[in-house]
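# Structural description and commentary
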Number of protein chains: 2
Amino acid sequence: MKITSLQNKQIVDINKLHQKKYRDIENKFLVEGDHLIKEATKANKIISTIGLDDSYDLEVTKEVLDKLSSQASGTNEIAVVEKLDERKINGNVVILDNIQDPGNLGTIIRSAVAFNIDTLILSDNSVDLYNDKVIRSSEGMIFHLNILRRKLKDVILDLKENGYKIYATTVNGNGDFENDDKIALVIGNEGNGISDEILKLCDKNITIKMNNLCESLNAGVCASILMYKMGDIK
Amino acid sequence: MKITSLQNKQIVDINKLHQKKYRDIENKFLVEGDHLIKEATKANKIISTIGLDDSYDLEVTKEVLDKLSSQASGTNEIAVVEKLDERKINGNVVILDNIQDPGNLGTIIRSAVAFNIDTLILSDNSVDLYNDKVIRSSEGMIFHLNILRRKLKDVILDLKENGYKIYATTVNGNGDFENDDKIALVIGNEGNGISDEILKLCDKNITIKMNNLCESLNAGVCASILMYKMGDIK
């Protein structure tokens, strides 16, 4: 039965998943478009699908689908997806200290998968992982990475105890990673860099050398170049 | 005299500069905020400034300033700025074939300055260089780079005649630049890559090696990593 009303209870409930509060209560989030739904399917995370014909779990009108979409231009299909499990920390680790821009977080997730990062750790004050724009900019790579949300101080102390060398991305460090067995790289907030509390826990500062005219790189670019270099030394 | 009316002729004219059509007619564009205005000042490009007190050329009310701002959160100052001159092509060259996302273009400009690229060439169908979001994401680096807008076919033929080796960024190329004297790197459109017409003019394909799970990188990230590598071999 095609759903035609925006007041339909199922539609109202699905639409609430655009808000962090309801994503947290329901342990679900939304993805839009065939590419993201394909990646969610590979990861076996689809709960239900919404589209314009009866091949979807919920068949709805174009008006209803557009209302459910987070994009001004609408979409052709939407899925309700189960949130990702947090697995054990292992391999190459990247730590984000208070990343705020959802586009940057999505870009970093996409590059992390490209460069074989195993674990991404978000500080508890970072932007929500399940924000529509994070999912979109990740190009679905969110389903292929172990991502945790933690109090950074505790997790860094644990990592050090487990033999990780902690690199801080700063403007006054050295140019390269050393040949360490276990590396964790910390990237700071877009405007303010790494917080003092976290910086003093780090073992070494690393910097991407650049022209003096430019004060800093985009946080997604900076993280991606360093992840590329991390992958290179393995 | 403080301007209080949104209908004031000067304000109406300045506001039109948010539209490409008027930027092209007037040969001017707008920048917002102290950081961008500082960079425009260094480049000696400021025509007039607009702010909340009489230290600015135009003193306006907060309501008028917010109306002129391209950002929902408003700004503290705006400047009308002269468009940039196109200089002769020289040094390391990056060519963008049909880049559409203004955030990507701004990010590429910022990274290009960081990694000592001398000349950036935009295809004539790329997003407008003076779009508010391009300027913002460039973090003012737009004032420190030689940027041209050209028909790419002609410019690439010229570059080749002048001894440049043209690298195309594709998914099936080699991993590294060779040790060439003069390098031009072509980056393609976000969804479709480099157009066939341009691709067949290129001398060599270059690819950033990555995990198979990830089909591609963000265009700004991809360009930035390759510009970082270009800087490295000089």
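Heads up: the structure comes first, above all this text.
Counting from 1, residues in each chain are numbered in the order their sequence is written. For naming, the first written chain is A and the first written ligand is 1, with later ones following in the order written. Note on the predicted model: pLDDT of at least 70 is required for a residue's local features to be given, and 80 or more for side-chain atom pairs to be given and counted; whole-chain, interface and lining totals, by contrast, use all residues. Side-chain figures throughout are based on the complete set of non-hydrogen atoms in the structure, without hydrogens or water.

In this section: the overall build of chain A. Per the secondary structure count, chain A includes nine helices and 10 strands. In terms of overall dimensions, chain A has a C-alpha envelope of 60 × 40 × 30 Å along the principal axes. The classification of residues rests on relative accessible area computed with a 1.4 Å probe and restricted to protein chains. Under 20% of the type maximum is buried, over 50% is exposed, and intermediate values are partly exposed. Taking all 234 residues of chain A together, the buried fraction comes to 54%. When contacts within chain A are restricted to residue pairs at least 6 apart in sequence, those whose partners lie at least 24 apart make up 75%. Only the protein chains shown count as cover for residues, and all accessible areas are computed by the Shrake-Rupley method using a 1.4 Å probe. When the accessible surface of chain A is summed, it comes to about 10700 Å², and 44% of that surface belongs to carbon and sulfur atoms. Here Asp and Glu are counted as negative and Lys and Arg as positive; His is not counted, and neither are the chain ends. Lys charges are placed at NZ, Arg charges at CZ, Asp charges at CG and Glu charges at CD. Side-chain charges of chain A comprise 30 positive and 36 negative groups, with the mean position of each set lying 2 Å from the other. Here a helix means four or more residues in a row that DSSP labels H or I, a strand means two or more in a row labelled E, and each is numbered from the N terminus. Here a residue-residue contact requires only that any non-hydrogen atoms of the pair lie within 4.5 Å.

Let us look at the relation of the copies chain B and chain A. The copies were overlaid with a least-squares fit restricted to C-alpha atoms from residues scoring a pLDDT of at least 70 in each copy. Overlay of chain B on chain A (RMSD 0.0 Å): rotation 180°, translation along the axis 0.0 Å. Taken together, these values place the two copies in the relation of a two-fold axis. Closest approach to the rotation axis within chain B is made by the C-alpha atom of Val221 of chain B, at a distance of 2.6 Å. Both copies share a contact surface, since 100% of the interface residues of chain B are interface residues in chain A too.

Bringing the interface of chain B and chain A into the picture now. Across the boundary between the two partners, chain B contributes 27 residues, which contact 27 residues of chain A. We define buried area as the total accessible area lost by two parts upon association, computed with a 1.4 Å probe and summed across both. Between chain B and chain A, roughly 2300 Å² of surface is buried when both sides are summed, and carbon and sulfur atoms account for 61% of that area. Any Lys or Arg side-chain nitrogen located within 4 Å of an Asp or Glu carboxyl oxygen qualifies as a salt bridge. If you look at where chain B meets chain A, you find two salt bridges. Of the charged contacts in the structure, one is a salt bridge between Glu215 of chain A and Lys38 of chain B, with a shortest N-O distance of 3.8 Å. Polar contacts here mean pairs of N or O atoms no more than 3.5 Å apart (in protein, one a potential hydrogen donor and the other a potential acceptor; neighbouring residues in sequence count only if both atoms are side-chain atoms). Inspection of the region where chain B meets chain A yields 10 residue pairs in polar contact (both at pLDDT 80 or more).

Before going further, it helps to spend a moment on the sheet that holds strand S2 (residues 46–51) of chain B. Residues and elements named next belong to chain B. The sheet built from four strands is open, its strands ordered S1-S4-S2-S3 with mixed pairing. Edge positions in the open sheet fall to strand S1 (28–32) and strand S3 (58–59), since each of these has one partner strand only. The convention used is that axes are lines fitted to C-alpha atoms, helices contributing only their stretch in contact, and that angles between N-to-C directions extend from 0 to 180 degrees. Taken strand by strand, helix H3 (residues 34–42) contacts S1, S2 and strand S4 (77–82), and its axis lies near 30° from that of S4. Two strands qualify as a pair provided that DSSP identifies no fewer than 2 bridges between them.

Okay, a negative patch on the surface next. Residues and elements named next belong to chain A. Exposure above 30% relative accessible area and no salt bridge define the residues that can form patches, which grow by joining like charges within 9 Å and nonpolar side chains of Val, Leu, Ile, Met, Phe, Trp and Tyr within 5 Å. Residues Asp154, Asp158, Glu161 and Glu197 make up a contiguous surface patch of negative charge. At three residues, helix H7 (residues 152–161) tops the list of elements feeding residues into the negative patch. In this structure, Asp154 sits in helix H7.

A few words on the nonpolar core. By nonpolar core is meant a set of buried Ala, Val, Leu, Ile, Met, Phe, Trp, Tyr and Cys residues that side-chain atoms within 4.5 Å join together. Membership of the largest hydrophobic core comes to 98 residues, with the highest contact counts inside it found for Leu105, Ile109 and Leu120 of chain A together with Leu105, Ile109 and Leu120 of chain B. Residues within four places of Leu120 of chain B in sequence aside, it is in contact with Val94, Leu96, Leu105, Ile108, Ile109, Leu145, Asn146, Ile147 and Leu148 of chain B.

On to the state of the cysteines, then. Here, a disulfide means two cysteine sulfur atoms that sit within 2.5 Å of each other. One pass over the structure, following the stated rule, counts zero disulfides over all chains. Unpaired in terms of disulfides, Cys214 of chain B finds its nearest cysteine sulfur in Cys222 of chain B, a separation of 11 Å.

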